[in-house]
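Residue-level structural notes
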Amino acid sequence: DTGTVLIVYLLGKELGKIFNVQYSMVNETGEGELVGLIAAFFYAVAVVPIQNSHFFIVDTFGNFFGALTLLLLVKVIKRRTGLGFAGLGAALGMAMACKLNTFLLLPGVGIGLLVVGIKRFNDLNGRYVSWRKVLGWATVTGVSTYMTFRLFMPYAFADYSFWKVDQRWFKNSQEASANVKGDRDSPPIIHWSGTDFIWPIQEMTVWGWGLPVGLGIALAVGWMVFKTIQKRIVAWVPFWIALILPFAY
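Residues numbered from 1 in each chain as written. Predicted model: local features only at pLDDT ≥ 70, side-chain atom pairs only at ≥ 80, totals over all residues. Heavy atoms only, no water.

1. Some words on a nonpolar patch on the surface
Inclusion rule: The patches described consist of residues with a relative accessible area above 30% and no salt bridge, like charges being joined within 9 Å and nonpolar side chains (Val, Leu, Ile, Met, Phe, Trp, Tyr) within 5 Å. Residue exposure ignores everything except the shown protein chains as possible cover, and the areas themselves are Shrake-Rupley values with a 1.4 Å probe. A pairing counts as a salt bridge when a side-chain nitrogen of Lys or Arg comes within 4 Å of a carboxyl oxygen of Asp or Glu. Elements are defined by DSSP. Helices are runs of H or I of four residues or more, strands are runs of E of two residues or more, and each kind is numbered from the N terminus. Buried means the residue's accessible area, taken with a 1.4 Å probe over protein chains only, is under 20% of the maximum for its type, while exposed means over 50%, and partly exposed covers the values in between.
A grouping of Val143, Met147, Phe162 and Trp163 is seen on the molecular surface, where their side chains present a nonpolar patch of about 440 Å² in accessible area. Structurally, the position occupied by valine 143 is in helix α7 (residues 131-152). By relative accessible area, which is 48% here, valine 143 ends up partly exposed.

As structure tokens, this is what we get:
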């Protein structure tokens, strides 16, 4: 989780650079530094990551590789290399191997690949890349994701099969899903009974992150969506989708 603090810093720095480079908010030296430092500080003092690390649960590992996925996504949007797309897929595959519901990052990654095909953001001439090349990069990402998941989640596959799903793992996943959805009356999810959509947001804001950090997150996400629409910062779209979709789910 200490590694996640560093990744959050680097991610904030990269997203800040996109805004500053595109709209000349500050000079080019040190762009995004403050964004990264504030983001890292907020994550470092948030309550839930500290608690999760203390109890050594899977969310800590899922957060690390999930954040790494987003960092590599902004890297490949700005600087396209086959190795970068392979790394992006590997990070996503490892995140899913740690915690299956990180598959909710897939839409953000998919839209990020679409953004790659729309415009080259680190090219001042605004040159476009061919869709054939984008499809090639998408294929590299998909294959890397699958291969990494296959390697780091062997329980999901029957014996040494490369494709066949292990039915025991599939059944266990269905049972876990039923518990989370409330379709099954299970002790760990009784505290969700009678709650609405606002309740988990309230709990996460006040107790999960801590009220100052929680309010900061709410304001930041709102500001990010507003600026994305106002300034048409297409490169930001994959990231707020990757944030909002899992949260809403």
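2. Side note on the side chain of arginine 150
Filter applied, for reference: A residue counts as positive if it is Lys or Arg and as negative if it is Asp or Glu; His and the chain ends are not included. Pairs of N or O atoms within 3.5 Å make up the polar contacts considered here, provided that, within protein, one atom can donate a hydrogen while the other can accept it, and that residues adjacent in sequence are counted only when both atoms are side-chain atoms. The contact criterion used throughout is that any non-hydrogen atoms of two residues lie within 4.5 Å.
Along the polypeptide, arginine 150 turns up in helix α7. Buried within the structure, arginine 150 lacks any salt-bridge partner; its nearest side chain of opposite charge belongs to aspartate 159, at an N-O separation of 8.8 Å. Among the polar contacts made by the side chain of arginine 150, one reaches the main-chain carbonyl oxygen of serine 161 at a distance of 2.8 Å. Ignoring anything within four residues of it in the chain, the contact list for arginine 150 reads Phe157, Asp159, Tyr160, Ser161 and Phe162.

3. Details of the side chain of serine 144
Structurally, serine 144 can be placed in helix α7. You can call serine 144 buried: its relative accessible area is 13%.

4. Some remarks on the nonpolar core
Formally: Nonpolar cores were defined as sets of buried Ala, Val, Leu, Ile, Met, Phe, Trp, Tyr and Cys residues, with membership established by side-chain atoms within 4.5 Å.
By size, the foremost hydrophobic cluster in this structure holds 37 residues, and its most contacted members are Leu15, Phe149 and Phe239. Of all elements in the fold, only α1 (2-23), α4 (58-78), α5 (82-98), α6 (106-118), α7 and α11 (237-248) reach the threshold of two or more residues within this core. The element best represented in this core is α4, accounting for seven residues. If sequence neighbours within four positions are ignored, leucine 15 has contacts with Val74, Met224, Trp236 and Phe239.

5. Regarding the pattern of salt bridges
A complete count under the given rule lists six salt bridges for this structure. Taken together, the shared-partner salt bridges in this structure form one network comprising Glu14, Lys75, Lys78 and Arg79.

6. What about helix α10 (residues 211-231)?
The line we're drawing: Any helix carries an expected span of 1.5 Å times its number of residues minus one. As used here, the arc is the angular range of directions from the helix axis to the C-beta atoms.
Its 21 residues give α10 an end-to-end C-alpha distance of 29 Å, which sits within 8% of 30 Å, the value for a rise of 1.5 Å per residue. Residues of α10 that are buried: Val213, Gly214, Gly216, Met224, Lys227 and Thr228. Around the axis of α10, the buried residues are gathered within 165° of arc, so they sit on the same side. Exposed residues on α10 whose side chains face more than 90 degrees from its buried face are Ala218, Leu219 and Ile229.

7. Observations concerning the environment of isoleucine 217
Within the fold, isoleucine 217 resides in helix α10. For the pair isoleucine 217 and alanine 39, spaced 178 residues apart in sequence, the C-alpha separation works out to 9.4 Å.

Don't take any of this as a statement about function, it's just geometry.
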